[in-house]
Amino acid sequence: MEPPELREPNLPASARRVANSKLRRGWTTGTCATAAAKAACLLLRDGDAPAEVEVPLPRSDQRPSFAPERCELEGDGAIAVVVKDAGDDPDVTHGAHLTVRVELHDAPGLELRGGPGVGTVTKPGLGLEVGGPAINKGPRAQIAAAVAEVFDTDEVGVVVEVSVPGGEKMARRTSNPRLGIVGGISILGTTGIVRPFSTAAWRASVGQAIDVMDAQGEGMLVLTTGGRSERAARRLAPDLPEVCFVEVGDFTGYALKRAVALEFERCLFVGMAGKLSKLGAGVLMTHWTRSKVDPQFLAALTAEAGGDDDVVAAVSEANSARHAYELWEAAGLTGAPDVLCAKVARNLAAYVKDRIAVDAIMVDFEGAHVVGASPGARERVAQEALS
């Protein structure tokens, strides 16, 4: 079989932005915290709680308005709450109460603090101070701009503390613990807007995870396609730190380029038949809108693995990669997944001009057993897990 042409199709605009034009967009934690901060500032300045506040967005002239759920004086400061509305995006922080307390001090300047429910950075590689709050640069600038609309921080000191009740529990459903962000969620948002089912957010999280890995001096990354394949990968390489495992989703090509740019030495890809079949055929963007499993590729692979004409013909009409795998299994063609993994490993390495050593492992659909591996994989992971 001739080596395939390697390609990484772009996601269509509809997939990059929203899955359906009727879906409702929402607001990031950064924008909601900004609105709460401005409301509290206005209360301190004017003595009256605003019914609505208008805030700036990063990279945009838009100025959305928010109605604080609560805005009141508290001790020497003011506290305001804005409830996050993520629109139709399945965001774990949807409904979170972004709570901001503002105090004024004589010493000029703006001080931003993280309160309960906002994570603390414990590892380098995030572009944030270790030991500081997990409030990203975009929201920091957004909050600073909103505060400046109320107070001149060259003349007065403003302390802004952001809290998220229940944030620590929410964070368990995010990648924060793996990235070394403990105790709560991150305050995020590069545009201030949540676009439903945004794949851009996933792509950004993949890059961030690889950056953190690099900052900790790791030389090997393990790419997986989802929860089951990641759990399998963790069993295969139990000695690797948690940070080395990245759920890459559809962004295999992007992850490899990022790893090569940071001079990683080795990569192990762990997945199931569907994604591996696309990668084996040379398609590096595996999103369902941009690529389909090619039964003819799988049929040719079946012949290369020693399948007879009947099996090859059956696979050529398979309706999915899983169906093809089941046909291999029924025919006792146990070598076919190994051939597929070898092709995947070659393609991924070739995609980045062999600047990183790549191996691939295929697991079953429950993620319980290894059913195929490229030759080098058997030398790089726990041998007992491959038996």
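Rules used in this analysis
- Residues numbered from 1 in each chain as written.
- Predicted model: local features only at pLDDT ≥ 70, side-chain atom pairs only at ≥ 80, totals over all residues.
- Heavy atoms only, no water.
- 1 Å grid on protein atoms, 1.4 Å probe; cavity = no way out; pocket = protein on both sides within 12 Å on 5 of 7 lines; lining within 4 Å.
- Points joined across faces, edges and corners; volume = space filled by probe spheres on them.
- Helix = DSSP H or I, 4+ residues; strand = E, 2+ residues; numbered from the N terminus.
- Nonpolar A, V, L, I, M, F, W, Y, C, P; charged D, E, K, R; others polar.
- Salt bridge = Lys/Arg side-chain N within 4 Å of Asp/Glu carboxyl O.
- Buried < 20%, exposed > 50% of the residue type's maximum accessible area, 1.4 Å probe, protein only.
- Pairing = 2+ DSSP bridges.
- Axes fitted to C-alpha atoms, helices over the stretch in contact; angles between N-to-C directions.
- Contact = heavy atoms within 4.5 Å.

A. Here's a closer look at the layout of surface pockets. Its boundaries defined by the atoms lining it, the second largest pocket holds a volume of some 210 Å³. Elements that contribute at least two residues to the lining of the second largest pocket include exactly helix H7 (227–236) and helix H9 (273–280). Looking at side-chain class alone, the lining of the second largest pocket contains 3 nonpolar, 5 polar and 3 charged residues.

B. Examining the pattern of salt bridges more closely. Scanning the model with the defined rule gives 13 salt bridges in all. The salt bridge partner of Glu72 is Arg70, with a shortest N-O separation of 2.8 Å. Judged by its relative accessible area of 35%, Glu72 is partly exposed. Here Glu304 and Lys343 are joined by a salt bridge, their closest N and O atoms 3.1 Å apart. One end of the pair, Glu304, is in helix H10 (residues 295–304); the other, Lys343, is in helix H13 (residues 336–351), and 39 residues separate them in sequence.

C. Inspection of the sheet that holds strand S10 (residues 157–163) at higher detail. Strand order in the open sheet formed by 5 strands is S4-S5-S6-S10-S7, and the pairing between neighbours is mixed. Lying at the two open borders of the sheet, with one neighbouring strand each, are strand S4 (70–74) and strand S7 (109–114). Taken pair by pair, the neighbouring strands of this sheet meet at an average axis angle of 20 degrees, ignoring direction. Alignment of strand S5 (residues 77–83) against strand S6 (residues 97–105), held across 7 bridges, turns out to be antiparallel. Directly across from Ile79, in S6, lies its bridge partner Arg101.

D. Summary view of the environment of Ala259. Along the chain, Ala259 turns up in helix H8 (residues 252–261). C-alpha separation for the pair Ala259 and Gly219, spaced 40 residues apart in sequence, amounts to 9.2 Å.

E. Highlighting the sheet that holds strand S15 (residues 245–247). Taken together, the 5 strands give an open sheet; going across it, the order is S15-S14-S16-S17-S18, and neighbouring strands pair in mixed fashion. Each having just a single partner strand, S15 and strand S18 (370–373) make up the two edges of the open sheet. Direction aside, the axes of adjacent strands within the sheet are offset by 25 degrees on average. Bridging between strand S14 (residues 220–224) and strand S16 (residues 266–271) involves 5 bridges; their strand directions are parallel. By the bridge assignment, Leu221 is partnered in S16 with Cys267. Docked against the sheet, H7 engages S14, S15, S16, strand S17 (357–363) and S18, running at close to 170 degrees with respect to S15.

F. The pairing of S17, seen in detail. Among the 7 residues that make up S17, 6 are buried, leaving the element largely enclosed by the rest of the structure. Looking at chain direction, S16 and S17 are connected through 6 bridges and run parallel. Paired with Arg266 across the two strands is Ala357, which belongs to S17. Across 3 bridges, the pairing between S17 and S18 is antiparallel. Its bridge partner lying in S18, Met362 is registered against Gly372. What sits between S17 and S18 in their antiparallel hairpin is a turn of 6 residues, with Gly367 showing a positive phi close to 70 degrees.

G. Highlighting the pairing of S14. Along S14, 5 of the 5 residues are buried, which leaves the element largely enclosed by surrounding structure. Of the two faces of S14, the one lined by Met220, Val222 and Thr224 and the one lined by Leu221 and Leu223 are each fully buried. Examined bridge by bridge, S14 and S15 share 3 bridges and lie parallel to one another. The residue bridging Thr224 from the neighbouring strand is Glu247, located in S15.

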